[in-house]
Amino acid sequence: MGRLIDGKQIAAQIRAELASEVEELTARGKRPPCLAVIWVGEDPASATYVRAKGKACQKIGMNFELHHLEEGISEKDLLKLIEELNNREEIDAMLVQLPLPKHISEKKVIEAIAPNKDADGFHPYNLGRLLIGAPTFIPCTPAGILELLKRSQIETVGKEVVVIGRSNIVGKPIAALLMQKNTGNATVTVCHTATKNLTFHTKRADILIVAAGQPKMIKAEMVKDGAVIIDVGIHRTEAGLCGDVDFKEVEPKVAAITPVPGGVGPMTVAMLLKNTVQAYKIRNNIVL
Ligand code: NDP
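Presented here is an overview of the structure given in this document. (Residues numbered from 1 in each chain as written. Predicted model: local features only at pLDDT ≥ 70, side-chain atom pairs only at ≥ 80, totals over all residues. Heavy atoms only, no water.)

Overview of the overall build of the chain
Here is the rule: Counting from the N terminus, the helices are the DSSP runs of H or I reaching at least four residues and the strands are the DSSP runs of E reaching at least two. Each radius of gyration is computed over the set of C-alpha atoms, and the globule rule expresses the reference value as 2.2 Å times the number of residues to the power 0.38. The buried label applies to any residue whose accessible area, calculated with a 1.4 Å probe on protein chains only, is under 20% of its type's maximum; exposed applies above 50%, and partly exposed to all values in between. Note on contacts: a residue pair qualifies if any of its non-hydrogen atoms lie within 4.5 Å across the two residues.
Helices and strands together make up the secondary structure of the chain, namely ten helices and eleven strands. Taken over the C-alpha trace, the chain has a radius of gyration of 19 Å; the compact-globule value for 288 residues is 19 Å, and the two agree within 12%. Across the 288 residues of the chain, 50% fall into the buried class. Contacts in the chain between residues far apart in sequence, at least 24 positions, make up 72% of those at least 6 positions apart.

Right, here's the structure in full:
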């Protein structure tokens, strides 16, 4: 039976640590950190995520500012709002909820956010820093995976890590982090849709990270006995939420596994809070 890597509990621990940092700041007479979120349109999944982010901020005593814009807003007006938030002293970090409507360039929007207020860590400056082993703001999901591994005492040094997926927000950054000497020091293989024999790679993995967006694609015969499985996928099905891993089949074979829900998901929001507190501290030159 695989040990459950309890993302819910670890995320709660991180939120509690951040709440006491915020308390210490306010006890010193300082204002709490503030996260601004821009949400364009009415996508229902985005609505859930934005609400969760707002609630999480408020729960740890942080300020949260929501800018909900209509679907038809022009790219120019959106960029203008980002510029205003870049210049406002009391905004420490911001993010633009993705996906955006088709008439707005995601790339332009991400690049318009000041790198020192980049809560999601998607700006090329921050991704570049990550790549050279000097990260400041790490994208929240990869940051959450690193914390999950660390706080579950899962060693990465010298391990065979296989990542399925090469998106800019999950696959590429987690592969770069785990390869890097100071944040993983593992041997990393990245698989994608052009990978010829997926099972050949997944079977070799000591740690398998699945971020493919394909419900239950990882079956028992694709994993090594005693491996550690990190399932990033989230899918809504009639039977409830499931991940990219067929949990029921795979769990008995492995040493440890993240459930869906309750694995990587809760960590993503916790790391967003962490990035915001980090931005606040850097901008205000505060060491706690
Ligand atoms: P993307 O769709 O951007 O990327 C998916 C990647 O997986 C691509 O690189 C794609 O390859 C690869 N891929 C897809 N199918 C296969 C396959 N059959 N074999 C091998 N590789 C494959 O997804 P994201 O990275 O944004 O997200 C991945 C999953 O994680 C989604 O389910 C998403 O909902 C979830 N997610 C969960 C988060 C959380 O907080 N838990 C946060 C972010 C995402 P190619 O490049 O060749 O197309």
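Description of helix α3 (residues 75-87)
Stated precisely, the cut-off is as follows: Between the first and last residue of a helix there are one fewer steps than residues, each counted as 1.5 Å, and that sum is the expected span. Each direction from the helix axis to a C-beta atom contributes to the arc, which is the arc of those directions.
Between its terminal C-alpha atoms α3 stretches 19 Å, which fits the 18 Å expected from 13 residues at 1.5 Å a residue. Those residues of α3 that sit buried are Glu-75, Leu-78, Leu-81, Ile-82, Leu-85 and Asn-86. The arc enclosing the buried residues of α3, seen along the axis, measures out at 145 degrees, which places them on a common side. Exposed and oriented more than 90 degrees from the buried face of α3 are Lys-76, Lys-80 and Asn-87.

Side note on the site of the ligand
Definition in use: Note on terminology: near, applied to a residue and a molecule or strand, indicates that one of the residue's heavy atoms is within 4 Å of it. What qualifies as a polar contact is a pair of N or O atoms within 3.5 Å, subject to a donor-acceptor requirement within protein and to the restriction that residues adjacent in sequence count only when both atoms come from side chains. With residues, only the protein chains shown are counted as cover, and all accessible areas are computed by Shrake-Rupley using a 1.4 Å probe. By the convention adopted, Pro, Cys, Tyr, Trp, Phe, Met, Ile, Leu, Val and Ala count as nonpolar, Lys, Arg, Asp and Glu as charged, and the other residues, Gly among them, as polar.
With respect to spatial proximity, 21 residues lie near the ligand, and among them Arg-166, Ser-167, Thr-193, Val-232 and Thr-268 are the closest. Val-232 places a polar main-chain atom, nitrogen or oxygen, 3.3 Å from a nitrogen atom of the ligand. Within the side chain of Thr-268, an N or O atom sits 2.7 Å from an oxygen atom of the ligand. Expressed as a share of its isolated accessible area of 930 Å², the protein-covered part of the ligand is 69%. In terms of residue count, the dominant contributor to the shell around the ligand is helix α10 (residues 264-284) (three residues). Its residues placed into classes, the shell around the ligand shows nine nonpolar, eleven polar and one charged.

Brief notes about the pairing of strand β5 (residues 160-164)
Test applied: Here a strand pair is declared whenever DSSP counts at least two bridges between the two strands. The path from the first strand over the helix to the second decides the hand: if it runs clockwise while the strands point away from the viewer, the crossover is right-handed.
With four of five residues buried, β5 lies mostly within the body of the structure. In terms of strand pairing, β5 meets strand β6 (residues 187-191) through five bridges, oriented parallel. Bridging across to β6, Val-161 finds its partner in Val-188. Each parallel crossover has a hand, and the one from β5 via helix α7 (residues 171-179) to β6 is right-handed. Taken together, the four bridges between β5 and strand β7 (residues 207-210) define a ladder with parallel strand orientation. Residue pairing for β7: Val-162 is matched across the bridge by Leu-208.

A few points about the sheet that holds strand β11 (residues 256-257)
In spatial order, the strands read β1-β11-β8-β7-β5-β6; together these six strands make up an open sheet with parallel pairing. Each edge of the open sheet carries a strand with a single partner, namely β1 (3-4) and β6.

Concerning the environment of Val-210
Position of Val-210 among the secondary structure elements: in strand β7. Judged by its relative accessible area of 0%, Val-210 is buried. Separated by 21 residues in the primary sequence, Val-210 and Asp-231 place their C-alpha atoms 5.1 Å from one another. Apart from the residues lying within four places of it in its own chain, the contact partners of Val-210 are Ile-164, Ile-218, Ile-230, Asp-231, Val-232, Gly-233, Asp-244 and Val-245.

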